[in-house]
Amino acid sequence: MRKTNWQIWTGFFLSLVAAFSYPLLFVRWAITREFPWANLTLFAIALVLLFLGLRRAFKPDKKIISRIFSSLAAAFGVLLLAGLLYLIYVMGSWLPASTGAPQVGQKAPAFTLTDSNDKPVTLAQLLAEPINNKPPKGVLLIFYRGYW
Amino acid sequence: MRSFEKNLNQFSEAGIRVVGISVDTPDETRKYMIQKAGYSFTFLSDPKLETIRRYDLVHANEIASGKDIARPAEFLLDSSGTIRWRMITENFFKIAQPEQVLQATKALQ
């Protein structure tokens, strides 16, 4: 009876998990987002399994089809790793320079924008309206991309 | 963003109002950020990128959305409206953390 090459299969699925768990899960926490520890660990295990599976597929008694499949699976795993690193370190830095942004020590440019209750809000209001019945000490403006 | 929501009490205690600004309309913000994602801080809509442009934070033709949006950036203002701390990241995956900002708020009067 032929045994399945479980190393290749497990390595293949684990490399899928290692790649897609970054955007779907580990991107949520700064510790696993800023440097992808969790994903690189998963990839390390996946690549070891793929290597073992590949070695097994290239033993003399194995069929050509299992060699082709194992090679494709291993190549796909490496491609997924390259893709994840490309996403984080190359695409992640595709941001405009914004050299004209207001500097520390300057007054923040005034604005009037609509809040989520459709009411106009000025920066002056944000700086004046009490927080917990006390005058605010400051305002944190977070510019973000909007919902995905 | 999520980490700021989790630490919102600490910001309130420090007297800091947390405000999110994006191109999303008030409708979209209500639906996605408040009702679906459970955020409770102040959200402001800048669909025409007027304020985003004044702060030089326009990310034109952003690849994932295919439209003009704000690039990530954070500014801490004191009560006079002067910028006391800011972060303009060079990598989308590395944005300000609440601990950093709370540290910077200690210098505010």
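Enquirer: Give me the interface of chain B and chain A: which residues, what numbers.
Expert: Frequently, the measure chosen for interface size is the accessible area removed from exposure when the parts meet. Across the boundary between the two partners, chain B contributes 65 residues, which contact 48 residues of chain A. Its residues placed into classes, the side of chain B that touches chain A shows 34 nonpolar, 16 polar and 15 charged. Taken together, the 6 bridges between strand 3 (residues 138–143) of chain A and strand 5 (residues 73–78) of chain B define a ladder with antiparallel strand orientation. Residue A:Ile142 lies in a different strand from strand 5 of chain B, and its bridge partner there is B:Glu74.

Enquirer: Provide a residue-level description of helix 4 (residues 64–90) of chain A, including the pertinent values.
Expert: Residue and element names in this part refer to chain A. An ideal rise of 1.5 Å per residue puts 39 Å on 27 residues; helix 4 measures up with 37 Å between its terminal C-alpha atoms. Restricting attention to buried positions, one finds in helix 4 the residues Ser-70, Ala-73, Ala-74, Gly-77, Leu-80, Leu-81, Leu-84 and Ile-88. Residues of helix 4 that are buried make contact with helix 1 (6–24) and helix 3 (37–57).

Enquirer: Could you give an account of the environment of B:Ile88, with specific residues and numbers?
Expert: Mapping B:Ile88 onto the fold places it in the loop between strand 6 (83–87) and helix 5 (98–105). Expressed as a C-alpha distance, the spacing of B:Ile88 and B:Met1, which sit 87 residues apart in the sequence, is 15 Å.

Enquirer: Mind laying out the nonpolar core, listing which residues take part and the relevant values?
Expert: Counting 38 residues, the largest nonpolar core has A:Leu140, A:Leu141, A:Ile142, A:Phe143, B:Val19, B:Ile21 and B:Ala70 as its most contacted members. Counting residues per element, the ones that place at least two in this core are helix 5 (123–128) and strand 3 of chain A together with strand 1 (16–22), strand 2 (42–45), strand 4 (69–70), strand 5, strand 6 and helix 5 of chain B. If you tally residues by element for this core, the top one is strand 3 of chain A, at 5 residues.

Rules of the game
Numbering of residues begins from 1 in every chain and follows the order in which that chain's sequence is written. Written order decides the labels, with chains lettered from A and ligands numbered from 1. Residue-level local features of this predicted model are given only where pLDDT is at least 70; pairs of side-chain atoms are given and counted only at 80 or more, and the full residue set underlies all totals for whole chains, interfaces and linings. Contact between two residues is assigned when their C-beta atoms, built from the backbone, lie within 7 Å. Amino acid classes used here: Ala, Val, Leu, Ile, Met, Phe, Trp, Tyr, Cys and Pro are nonpolar; Asp, Glu, Lys and Arg are charged; the rest, including Gly, are polar. Strand pairing is assigned whenever DSSP identifies at least 2 bridges connecting the two strands. Helix and strand definitions follow DSSP, with helices as H or I runs of at least four residues and strands as E runs of at least two, each counted in order from the N terminus. Here the expected span of a helix is defined as 1.5 Å times the quantity of residues minus one. Exposure in this text rests on C-beta crowding, where 20 or more other C-beta atoms within 10 Å of a residue's own make it buried, 12 or fewer make it exposed, and counts in between make it partly exposed. The C-beta atoms are placed from the backbone. To form a nonpolar core, buried Ala, Val, Leu, Ile, Met, Phe, Trp, Tyr and Cys residues must be joined through C-beta atoms within 7 Å.

Geometric descriptors of this kind do not, in isolation, establish any biological role.
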